[in-house]
Amino acid sequence: MRLPDFKEARTRDIRDYKTVEFKVEDSIKDKYKGMTFHVKTYGCQMNEHDSENIKALLKTIGFTEEENYEKADLVLLNTCSIRENAHNKAFGMLGRLKHLKEERPELLIGLCGCMAQEVSVVEEILKDYKFVNFVFGTHNMHELPNIIDKAIVENKQQIEVLSRESDLVEGLPVVRANNYKAYVNIIYGCNKFCTYCIVPYTRGRERSRKKEDILKEVEELVRDGYKEVTLLGQNVNAYGKDLYDDYNLANLLEDVAKTNIPRIRFTTSHPWDFTDEMIEVIAKYPNIMSHVHLPVQSGSSKVLKLMGRRYTRESYLELFDKMKKTIPGVAISTDIIVGFPGEDEEDFKETLSLVEYCKYDNAFTFIFSTRKGTPAEKLEDNTPLKEKEDRLQRLNEVVNKYFLENNKKLEGEVLPVLVEGISSKKGMYYGYSETNKLINFSSNKDLEIGSIVPVKITASKTWSLDGELDG
Ligand code: SAH
Ligand code: SF4
Ligand code: F3S
């Protein structure tokens, strides 16, 4: 048994690590042929991509995927800790699985992902969720085949969580959810320690993958006909800092652009280390999509300071203006937290006025959720929840107004759209524009899913656009 330790997770030292190649032991290869799994994924794209690796790892020991979790031999929850409701969803699912296990005692249940890194969660599992067969964390996903094998062979609960990152594992197998859009990790972990956020505790310190490994992966995707790659990291702007003196995200973006993959996206960018060089590279290459997700969190410098965000309202706006000026047609989206401890009505109004200025193309808005073990847990918070809910609603009204206003400007334009599928409306396709707008459109001919086609925009809504195939 290995248990997580928050004291260790909190340490900021940068440790030496090796890059190692993944290998599954011959003795367990295909050992569980005939058994099925169902993976439920919560949280961000990082977790979605981890699940693509997890599914492939399960396949190495013989498991196959089952769509219906109620029929699967193994149900694995890949969890998220970011806010209380993510927690509640996973625990709610564990409740349902408990009943399922009463009917089918041989059912295997596993929990992994960010919640597995939390001491309080693991303690709860040890105490009240004895029916969970195994738990592993974000740092030892590659051990999954052995952990399951042990859980089955020994028939007792396995808790295997490392508090801090270990080696960087290359060559993990992957079953991609999509044949034309792919996620590629470029940097793991986060060193920023924003005071509200649990990610640095659940994902460890920043570690970049070697540029050769990333470029090899993208080149393979190009060969396999992929059209879009999303470079992933909690803070992609920090890419390379831990590995190289003179190679950073701007250089990487440029090298990825030169592979000629048609569409490149990247997420998430922290405003703090967004350099002019990066902005110039995004502007220069047409295959780097002109969409930047630039979380602001708050429009008040006072609150930003309490959040430990390392920028002010003014420096954020300066960066924002520079992007708008340099990258033609750029769409900027954001994340905003309301009701952070110490945020008063004046601070909130500053957030509203910043949104009025930035007119975001998209925004994810949240009420602050206290995370155990983070510094913000100890801040005095006098705002009643009702007031916070009211702020969220007022904020959403303003952000929605600008989504629609921005979308309206696109009416009549012809945009390249990556066709993703057939929408529920009869005879309509859907896909995404370069700036990541969802477009439902009609076509007078059959289209290949995964192709990029010109679409004329005919109508705009708050969350999507309507169009028709052009020509
Ligand atoms: N690495 C990304 C953020 C990942 S979490 C970045 O720094 O931009 C995604 C979003 O969740 C954050 O941008 C923030 O808006 C929100 N979030 C994180 N912790 C939160 C908390 N404790 N309460 C409410 N929202 C939170
Ligand atoms: Fe969390 Fe801040 Fe790191 Fe983003 S940059 S993951 S918000 S600590
Ligand atoms: Fe959630 Fe972990 Fe992602 S906390 S948002 S799954 S990094």
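Residues numbered from 1 in each chain as written. Chains lettered and ligands numbered in written order. Predicted model: local features only at pLDDT ≥ 70, side-chain atom pairs only at ≥ 80, totals over all residues. Heavy atoms only, no water.

Before going further, it helps to examine the sheet that holds strand 16 (residues 362–367). The 3 strands are arranged 14-15-16 in an open sheet whose pairing can be described as parallel. Of all the strands in the sheet, just strand 14 (291–293) and strand 16 have a single pairing partner and so form its edges. Sheet twist, expressed as the mean angle between neighbouring strand axes with direction ignored, is 10°. As paired strands, strand 15 (residues 331–338) and strand 16 are joined by 6 bridges and run parallel to one another. By the bridge assignment, Asp335 is partnered in strand 16 with Phe364. (Pairing = 2+ DSSP bridges. Helix = DSSP H or I, 4+ residues; strand = E, 2+ residues; numbered from the N terminus. Axes fitted to C-alpha atoms, helices over the stretch in contact; angles between N-to-C directions.)

Attention now goes to the layout of surface pockets. When its volume is computed, the second largest pocket comes out at roughly 700 Å³. In terms of lining, the second largest pocket is formed by 34 residues, of which the most central are Asn53, Val169, Glu170, Leu172 and Tyr188. Within the residue set of the lining of the second largest pocket, elements represented by two or more residues are helix 2 (45–60), strand 8 (168–170) and helix 7 (211–223). The element contributing the most residues to the lining of the second largest pocket is helix 7, with 5 residues. Its residues placed into classes, the lining of the second largest pocket shows 9 nonpolar, 11 polar and 14 charged. (1 Å grid on protein atoms, 1.4 Å probe; cavity = no way out; pocket = protein on both sides within 12 Å on 5 of 7 lines; lining within 4 Å. Points joined across faces, edges and corners; volume = space filled by probe spheres on them. Nonpolar A, V, L, I, M, F, W, Y, C, P; charged D, E, K, R; others polar.)

Attention shifts here to the side chain of His291. When you line up the elements, His291 lands in strand 14. Looking at His291, its side chain comes within polar contact range of the side chain of Ser333, at 2.9 Å. Non-local contacts of His291, meaning those with residues more than four positions away in its chain, are made with Arg265, Phe266, Val330, Ala331, Ser333, Glu434, Thr435 and Asn436. (Polar contact = N/O pair within 3.5 Å; in protein donor to acceptor, adjacent residues only side chain to side chain. Contact = heavy atoms within 4.5 Å.)

Further remarks concern the pairing of strand 19 (residues 438–442). Side chains on a regular strand alternate between the two faces of the sheet. Here 5 bridges tie strand 18 (residues 428–432) to strand 19, and the two strands are oriented antiparallel to one another. Within the sheet, the bridge partner assigned to Tyr432 lies in strand 19 and is Leu438. The turn joining strand 18 and strand 19, which pair antiparallel and follow one another in sequence, is formed by 5 residues; a positive phi near 70° is taken by Asn436. By the bridge criterion, 4 bridges tie strand 19 to strand 21 (residues 465–469) in an arrangement that is parallel. Of the residues in strand 21, the one forming a bridge with Phe441 is Gly467.

Before going further, it helps to spend a moment on the nonpolar core. In this structure, Phe274 and Tyr316 are the most contacted members of the largest nonpolar core, which totals 71 residues. Ignoring sequence-local partners within four residues, the contact set of Phe274 consists of Asn237, Phe266, Ser269, Ile279, Ile282, Val292, Leu294, Leu319 and Met323. (Core = buried A, V, L, I, M, F, W, Y, C linked by side-chain atoms within 4.5 Å. Buried < 20%, exposed > 50% of the residue type's maximum accessible area, 1.4 Å probe, protein only.)

Attention shifts here to the pattern of salt bridges. Enumeration according to the criterion identifies 37 salt bridges in this entry. Between Arg2 and Glu143 there is a salt bridge; the shortest N-O distance is 2.6 Å. Taken together, the positions of Arg2 in the segment before helix 1 (6–10) and Glu143 in the loop between strand 6 (134–136) and helix 5 (144–154) put the pair 141 residues apart, joining distant regions of the chain. Close ionic contact of Arg15 with Glu8 constitutes a salt bridge, the shortest N to O distance being 3.1 Å. When its relative accessible area of 30% is taken as the criterion, Arg15 is described as partly exposed. Among the ionic contacts, a cluster of salt bridges with common partners joins Glu8, Asp13, Arg15, Arg164 and Glu165. (Salt bridge = Lys/Arg side-chain N within 4 Å of Asp/Glu carboxyl O.)

A separate point is the site of ligand 3. The immediate surroundings of ligand 3 are formed by Cys44, Asn47, Cys80, Ser81, Ile82, Cys114, Arg203 and Gln234. A per-class count over the shell around ligand 3 returns 4 nonpolar, 3 polar and 1 charged. (Near = heavy atom within 4 Å.)

Attention now moves to helix 7. Note: α-helices contain 3.6 residues per turn, so residues at a spacing of three or four share the same orientation. With 13 residues, helix 7 extends 18 Å between its outermost C-alpha atoms, agreeing within 8% with the 18 Å of an ideal straight helix rising 1.5 Å per residue. Turning to helix 7, its buried residues number three or more, namely Asp213, Ile214, Leu215, Glu217, Val218 and Leu221. At its buried positions, helix 7 is contacted by strand 1 (19–21), strand 8, strand 9 (181–185), strand 12 (228–232) and helix 8 (249–257). The positive-phi residue at the C-terminal boundary of helix 7 is Gly225, with phi of around 85°. (Expected span 1.5 Å × (residues − 1).)

Here we take up the packing of helix 12 (residues 345–358) against helix 13 (residues 385–408). Helix 13 packs onto helix 12 with a crossing angle of 10° between their chain directions and a minimal axis gap of 10 Å. The angle between helix 12 and helix 13 falls in the class roughly parallel. Once helix 12 is placed against helix 13, the crossing between them reads as right-handed. On the side of helix 12, the interface is formed by Glu345, Phe348, Thr351, Leu352, Val355 and Glu356, while helix 13 contributes Glu387, Arg391, Arg394, Leu395, Val398, Val399, Lys401 and Tyr402. Tallied by class, residues from the contact of helix 12 with helix 13 come to 7 nonpolar, 1 polar and 6 charged. (Parallel < 35°, antiparallel > 145°, perpendicular 65-115°, else oblique. Left-handed = near helix turned anticlockwise from the far one by under 90°.)

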